[in-house]
Amino acid sequence: EIQPHAPNWDQQKLFPSDVLQKAASLGFGGVYVKDDVGGSGLGRKDAAIIFEALARGCVSTTAYLTIHNMCCWMVDEFGTEDQRNQWLPELCSMNKFASYCLTEPGSGSDASSLQTKAELRGDVYYLTGEKAFISGGGRSDIYLIMARTGGKGPKGISCFIVPKESEGISYGSQLDKLGWNSQPTAPVILENCKVPKENMLGLEGMGFKIAMQGLDGGRINIGTTALGGAAECLELASDHISSRKQFGKTLDQFQYLRFKIADMATELTAARLLVFQAAEMLDEKHPARTMHCAMAKLFATDVGFDICNNSLQMHGGYGYIKEYSPERYLRDVRVHQILEGTNEIMKHKSVALFLGNDDAINSIKFWNLGI
């Protein structure tokens, strides 16, 4: 359903909503959402296994699916019972699609400086501002929008569930991207967008906390989808050097390439284990989970890109043309080092959480030993 069609989705910039709905019929629309509202009730490690497998077929499409899952979890975790029952059944079935709206033209890494405002008048909030680089922008049915209801800083931010048809919401032009072409990406523009008071997710001032907790899982997902692309590229490279001949012998007889394959396989395995560890810590609500999610995202996305790049190199000129797959995986995984927090920010966050934090320090020393 995915891999044979992925090149066409990429070249034609097609959003395969029907395939995503088929994935949802298998329980992939709300992997770690509770089952009383249509979710699968699985854990983060289960999700990592699922998303890596799907990403071997198409990184771009799977990445959108993971963002949708992140939004579903946020509603499940922080929503009222009325909100859970109103929104999640259709989201988990993917009869409706969801987008996460935090980034703005003037606030990327410095997310808590966002300028989108929400003003309460009676029982309605009026949202004004612009969100940038929104996966699903203009196509998704539900937008989780972070907007400022209070003063400066993270404590002044709240989260809102905003339907696509809301009065005052519009969408910019679709962005022409290097990769991730099977999912639409556009600005979301809010001009006195009317949102009922009951559509606030969580309490007033909780929006940044909700957004950051969503991103803990989002970082695991982005890491594991990068590894899915890398795993496929490793296999493609192995097959290619086993059949391609130069200087009278197949390329897999050259020691340099043999060692390169060994390095790629080792790094892929190490990155996968780091993602799995972070996933388990997130499920267990370990006090150092945010640091480990950041480290897993950092390492897995760097490794994922490097493996795809090395695979392309091993294919020589063939790797650079669209008839072969490495160039598509390379283009798709590149953005994983940027979104859900740049890898530079992941380093900043990891060290900030590590220094002087006994829980974090002990998690590095003893986590795998269960001490």
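Calculation notes
Sequence order as written defines residue numbering, which begins from 1 separately in each chain. Restriction of local features to residues with pLDDT of at least 70 applies here, the model being predicted, together with a cutoff of 80 or more for giving and counting side-chain atom pairs; totals for whole chains, interfaces and linings are based on all residues. Only hydrogens and water are set aside; all other atoms, that is, all heavy atoms of the structure, feed into the side-chain values. For cavity detection a 1 Å grid was placed over the protein atoms alone, and a set of points counts as a cavity when a 1.4 Å probe fits there but cannot get out; an open set counts as a pocket when protein lies on both sides within 12 Å along at least five of seven lines, with lining residues being those that have an atom within 4 Å of a point. Grid points are joined across faces, edges and corners, and a volume is the space filled by probe spheres set on the points. For this classification, Asp, Glu, Lys and Arg are treated as charged, while Ala, Val, Leu, Ile, Met, Phe, Trp, Tyr, Cys and Pro are nonpolar and the rest, including Gly, are polar. Secondary structure elements are defined from DSSP: runs of H or I of at least 4 residues count as helices, runs of E of at least 2 residues count as strands, and each element is numbered from the N terminus. Buried residues are those whose accessible area, probed at 1.4 Å on protein chains only, stays under 20% of the maximum for their type, while exposed residues exceed 50% and partly exposed ones sit between those limits. Should any heavy atoms of two residues lie within 4.5 Å, those residues are considered in contact. For the purposes of these results, a polar contact is taken to be a pair of N or O atoms within 3.5 Å, where, inside protein, one atom must be able to donate a hydrogen and its partner to accept one; residues adjacent in sequence count only when each atom of the pair is a side-chain atom. Two aromatic rings from Phe, Tyr or Trp, using only the six-membered ring of Trp, form a pair when their centres are within 6.5 Å; if the ring planes differ by under 30 degrees the pair is stacked, by over 60 it is edge-to-face, and anything between is tilted. For a lysine, the NZ atom is tested; for an arginine, the CZ atom; a charge sits over a ring if that atom is within 6 Å of the ring centre and within 35 degrees of the ring normal. Should a side-chain nitrogen of Lys or Arg be within 4 Å of a carboxyl oxygen of Asp or Glu, the pair is scored as a salt bridge.

Asker: Quick rundown of empty space enclosed by the protein? Include the residues and the values.
Answerer: Applying the stated rule across the entire model yields one cavity of 30 Å³ or more. Its volume calculated, the largest cavity comes out at about 50 Å³. Every residue lining the largest cavity is listed: Ile2, Val19, Leu20, Ala23, Leu54, Thr61, Thr62 and Leu65. Of the residues assigned to the lining of the largest cavity, the class counts are six nonpolar, two polar and no charged.

Asker: Summarise the environment of threonine 185; cite the residues concerned and give the values.
Answerer: Here threonine 185 lies in strand β7 (residues 185–196). On the basis of relative accessibility, which here comes to 5%, the residue threonine 185 falls in the buried class. Linking threonine 185 and arginine 139, residues 46 residues apart in sequence, is a C-alpha distance of 8.8 Å. With sequence-adjacent residues up to four places away left out, threonine 185 is seen in contact with Phe133, Ile134, Ser135, Ser173, Gln174, Leu175 and Lys177. Of note is the side chain of threonine 185, whose polar atom sits 3.1 Å from the side chain of lysine 177.

Asker: Describe the packing of aromatic side chains, and please don't skip the residues or the numbers.
Answerer: A complete count under the given rule lists eight aromatic pairs for this structure. Measuring from centroid to centroid gives 5.3 Å for tyrosine 318 and tyrosine 324, while their planes differ by 55°, and the two rings are tilted. Grouping aromatic residues by their ring pairs yields a cluster made of Phe15, Tyr64 and Phe97. Over the face of the ring belonging to tyrosine 329 we find arginine 328, whose NZ or CZ atom lies 4.7 Å from the ring centre. Across from the ring centre of phenylalanine 305, 5.7 Å away, lies the NZ or CZ of arginine 334, which sits over that ring.

Asker: Hey, could you go over the pattern of salt bridges for me, with residue numbers and the actual values?
Answerer: When the charged atoms of two side chains with opposite charge come close together, those side chains can pair. The final tally for this structure, using the stated rule, is 17 salt bridges. A salt bridge links lysine 34 to aspartate 76; the nearest nitrogen and oxygen atoms lie 3.4 Å apart. Taken as a pair, lysine 34 in the loop between α2 (17–25) and α3 (44–55) and aspartate 76 in helix α4 (residues 59–78) lie far apart in primary sequence, 42 residues in all. Exposure remark for lysine 34: the relative accessible area of 41% places this residue in the partly exposed category. Salt-bridge contacts for arginine 272 lead to glutamate 52; the nearest nitrogen and oxygen are separated by 2.6 Å. Highlighted residues: arginine 272 in helix α7 (residues 255–283) and glutamate 52 in helix α3, separated in sequence by 220 residues. On the basis of relative accessible area, arginine 272 is assigned to the partly exposed category, the value being 22%. Given a relative accessible area of 9%, glutamate 52 falls into the buried group. Connected via shared salt-bridge partners are Lys34, Asp36, Asp76, Glu81 and Arg84.

Asker: Kindly report on the layout of surface pockets, identifying the contributing residues and their values.
Answerer: Its boundaries defined by the atoms lining it, the largest pocket holds a volume of some 1000 Å³. Along the wall of the largest pocket there are 37 residues; nearest its centre are Thr103, Ile338, Leu339, Glu340 and Gly341. For the lining of the largest pocket, the secondary structure elements donating two or more residues are α4, β3 (124–135), α6 (207–243), α9 (326–334) and α10 (343–354). Of the residues assigned to the lining of the largest pocket, the class counts are 19 nonpolar, 10 polar and eight charged. Contributing to the lining of the second largest pocket are 17 residues, with Trp73, Gln213, Leu282, Lys285 and Arg289 lying nearest its centre. Looking at the lining of the second largest pocket, the elements with two or more residues in it are α4, α6, α7 and α8 (289–314). With five residues, α6 is the single largest residue contributor to the lining of the second largest pocket.

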